[in-house]
Amino acid sequence: MDSDILYIDNNDPCFMAVFWNEVLERFHIVNKKLQSVNIELGMVVELYGSLEQYISRIKNNFEEYKGKATQICVYKKDKRRTVKRKRQFDETINEVITETGKEDFRINVFFVILDKLKAELVRRGSSYKDLCVKFDFLTNICSFDEEIISEKTRALIEQYPNDIEESFSNECLHLRDHLFFKSDKKRSAQELCQMFYTNELIDIFPNVTTALRMYLCTFATNSTAERSFSALKRVKSHLRSTLESDRLNATSILHIESEMLRSINYDDIIDDFAAKKVGRKML
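Presented here is a report on the structure given in the accompanying data block. (Residues numbered from 1 in each chain as written. Predicted model: local features only at pLDDT ≥ 70, side-chain atom pairs only at ≥ 80, totals over all residues. Heavy atoms only, no water.)

### Topic: the overall build of the protein chain
Thinking step 1. A tally of helices and strands in the protein chain yields 13 helices and four strands.
Thinking step 2. Within the protein chain, buried positions represent 29% of all 283 residues.
Thinking step 3. Accessible area for the protein chain stands at about 20000 Å²; split by element, carbon and sulfur atoms hold 53% of it. (Helix = DSSP H or I, 4+ residues; strand = E, 2+ residues; numbered from the N terminus. Buried < 20%, exposed > 50% of the residue type's maximum accessible area, 1.4 Å probe, protein only. Areas by Shrake-Rupley, 256 points an atom, 1.4 Å probe, with all protein chains shown as cover.)

Below you can see the structure in the form of structure tokens.
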């Protein structure tokens, strides 16, 4: 007997191990990307859509997973009885339809898992998609005519009347002409925002800048923020159990924005602090 092959009565556990290993590998990689700090909502929608397509495609891979499971473990015999389904009154088929254990597993387990996974992806992805549709025309504004741009800008003004002014529509049309003149027809939201700040165009496109900032500041995922709270044990320990709320919040922000903190030059802060304490003399 080959020691690398497991002989069991049913290879469904091996099937599930092979199946979940491939599915969870894809979900884990996408999940790590979704937790990226710089990810945009457009990419989030694309990743959710790709997972939906992936789940739909592997519905036809049942035999492939079954073959991989058989290579791992060889089952002696499928002892599940063959089910004979009675013919319904509106069916024209005369013979009795039989369902083997394999077909029962494929229909009632494999398909059910995939359908629930896809339904959950659609539910979660639709929330991101509804929000992304409101702003995504800014990143591909050169592809739309004036009528569509006016329609989309009007919807955004109605959604955020306290943040975006009526001149937003004219700014978007001006931005489209500006990008056409530069022969730079498509940019991401982050690249557009950086262009405004680098070239000092904020005064020319103030409402577009506001809309882009709203779009970029919308959280694609809250996993990074939640994970930062687990690091509070480094900040508030038994030696610092009397930290006040303001100090605790400030220290937490320093930890959350640690990458930005490491890029700051502290020389001016140290000099300012030393100048304020210079009047104190040792007695």
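Moving on from the model shown.
### Notes on the packing of helix α6 (residues 168–181) against helix α8 (residues 206–217)
Thinking step 1. Axis separation between α6 and α8 bottoms out at 8 Å; the angle between their running directions is 90 degrees. It follows that α6 is roughly perpendicular to α8 by the angle criterion. Of α8, the residues touching α6 (which contributes F168, E171, C172 and L175) are P206, N207, V208 and A211.
Thinking step 2. Its residues assigned to classes, the contact of α6 with α8 shows six nonpolar, one polar and one charged. (Axes fitted to C-alpha atoms, helices over the stretch in contact; angles between N-to-C directions. Parallel < 35°, antiparallel > 145°, perpendicular 65-115°, else oblique. Contact = heavy atoms within 4.5 Å. Nonpolar A, V, L, I, M, F, W, Y, C, P; charged D, E, K, R; others polar.)

### Quick word on unusual backbone geometry
Residues other than glycine predominantly adopt negative phi, and peptide bonds predominantly adopt the trans conformation.
Thinking step 1. Phi at E200 takes a positive value of approximately 55 degrees, unusual for a residue other than glycine.
Thinking step 2. With respect to the helices, strands and loops of the structure, E200 is situated in the loop between α7 (189–198) and α8.
Thinking step 3. Accessibility expressed as a relative area gives 68% for E200, which makes it exposed.

### Things to note about the packing of aromatic side chains
Thinking step 1. According to the stated counting rule, one finds 17 aromatic pairs in the structure shown.
Thinking step 2. For the pair F15 and Y65, a centre-to-centre distance of 6.1 Å together with 85 degrees between the ring planes defines the contact as edge-to-face. One end of the pair, F15, is in helix α1 (residues 12–34); the other, Y65, is in helix α3 (residues 62–72), and 50 residues separate them in sequence.
Thinking step 3. Relative to Y160, the ring of F135 has its centre 6.0 Å away and its plane inclined at 40 degrees; by these criteria the two rings are tilted. Placement of the pair is F135 in helix α4 (residues 101–135) and Y160 in the loop between α5 (146–159) and α6, with a sequence separation of 25 residues. For the pair shown, F135 and Y160 are each scored as buried.
Thinking step 4. Here a set of aromatic residues connected by ring pairs shows up, and it is made of F15, F19, W20, F62, Y65, F105, F110 and F111. (Phe/Tyr/Trp six-rings, centres within 6.5 Å; stacked < 30°, edge-to-face > 60°.)

### Some points on the packing of α1 against helix α2 (residues 41–57)
Thinking step 1. Look at α1 against α2: their axes get within 11 Å of each other, and the N-to-C directions meet at 175 degrees. Overall, the two elements α1 and α2 adopt an arrangement that is roughly antiparallel. Across the interface between the two elements, E22, V23, R26, F27, V30, K33 and L34 of α1 pack against V44, L47, Y48, L51, Y54 and I55 of α2.
Thinking step 2. Partitioning the contact of α1 with α2 into residue classes produces 10 nonpolar, no polar and three charged.

### As for the pattern of salt bridges
Thinking step 1. Taken as a whole, this structure holds seven salt bridges when the rule is applied.
Thinking step 2. The closest approach of N and O atoms between R124 and E120, which form a salt bridge, is 3.0 Å. Separated by four residues within a single helix, R124 and E120 lie in helix α4, roughly one turn from each other.
Thinking step 3. Residue classification places E120 among the partly exposed residues on the basis of a relative accessible area of 30%.
Thinking step 4. The shortest N-O distance in the salt bridge between R154 and E166 comes to 2.9 Å. Residue R154 is found in helix α5, and its partner E166 is found in the loop between α5 and α6; the two are separated by 12 residues along the sequence.
Thinking step 5. We classify E166 as exposed; its relative accessible area is 51%.
Thinking step 6. Each of E22, E64 and K68 takes part in a single network of salt bridges with overlapping partners. (Salt bridge = Lys/Arg side-chain N within 4 Å of Asp/Glu carboxyl O.)

### What about α1?
Thinking step 1. With 23 residues, α1 should cover 33 Å at 1.5 Å per step; its first-to-last C-alpha distance of 32 Å lies within 8% of that length.
Thinking step 2. Of the residues making up α1, those classed as buried are D12, C14, F15, M16, V18, F19, V23, V30 and L34. (Expected span 1.5 Å × (residues − 1).)

### Let's talk about a nonpolar patch on the surface
Thinking step 1. On the surface, M260, I264, Y266, I269 and I270 cluster together to form a nonpolar patch covering roughly 490 Å² of accessible area.
Thinking step 2. Its location among the elements puts Y266 in the loop between α12 (258–262) and α13 (267–276).
Thinking step 3. For Y266, a relative accessible area of 36% puts it in the partly exposed group. (Patch = residues over 30% accessible without salt bridge, like charges linked within 9 Å, V, L, I, M, F, W, Y side chains within 5 Å.)

### With respect to α6
Thinking step 1. Over its 14 residues, α6 extends 20 Å from the first C-alpha to the last, a length consistent with the 20 Å expected when each residue adds 1.5 Å.
Thinking step 2. Within α6, burial applies to F168, S169, E171, C172, L173, L175, R176 and L179.

### What about the nonpolar core?
Thinking step 1. If you look at the biggest cluster of nonpolar residues, it comprises 29 residues, and the most contacted ones within it are F135, L138, L156, F168, C172, F196 and V208.
Thinking step 2. Elements that contribute at least two residues to this core include exactly α4, α5, α6, α7 and α8.
Thinking step 3. When residues of this core are sorted by domain, at least three fall in each of domain 1 (11–79 + 100–134) and domain 2 (139–218).
Thinking step 4. The residues touching C172, leaving out its near neighbours within four places in the chain, are F137, L138, I141, I149, T153 and V208.
Thinking step 5. By size, the runner-up hydrophobic cluster in this structure holds 26 residues, among which are V44, F105, L114 and L117. (Core = buried A, V, L, I, M, F, W, Y, C linked by side-chain atoms within 4.5 Å. Domains from an automatic or database assignment.)

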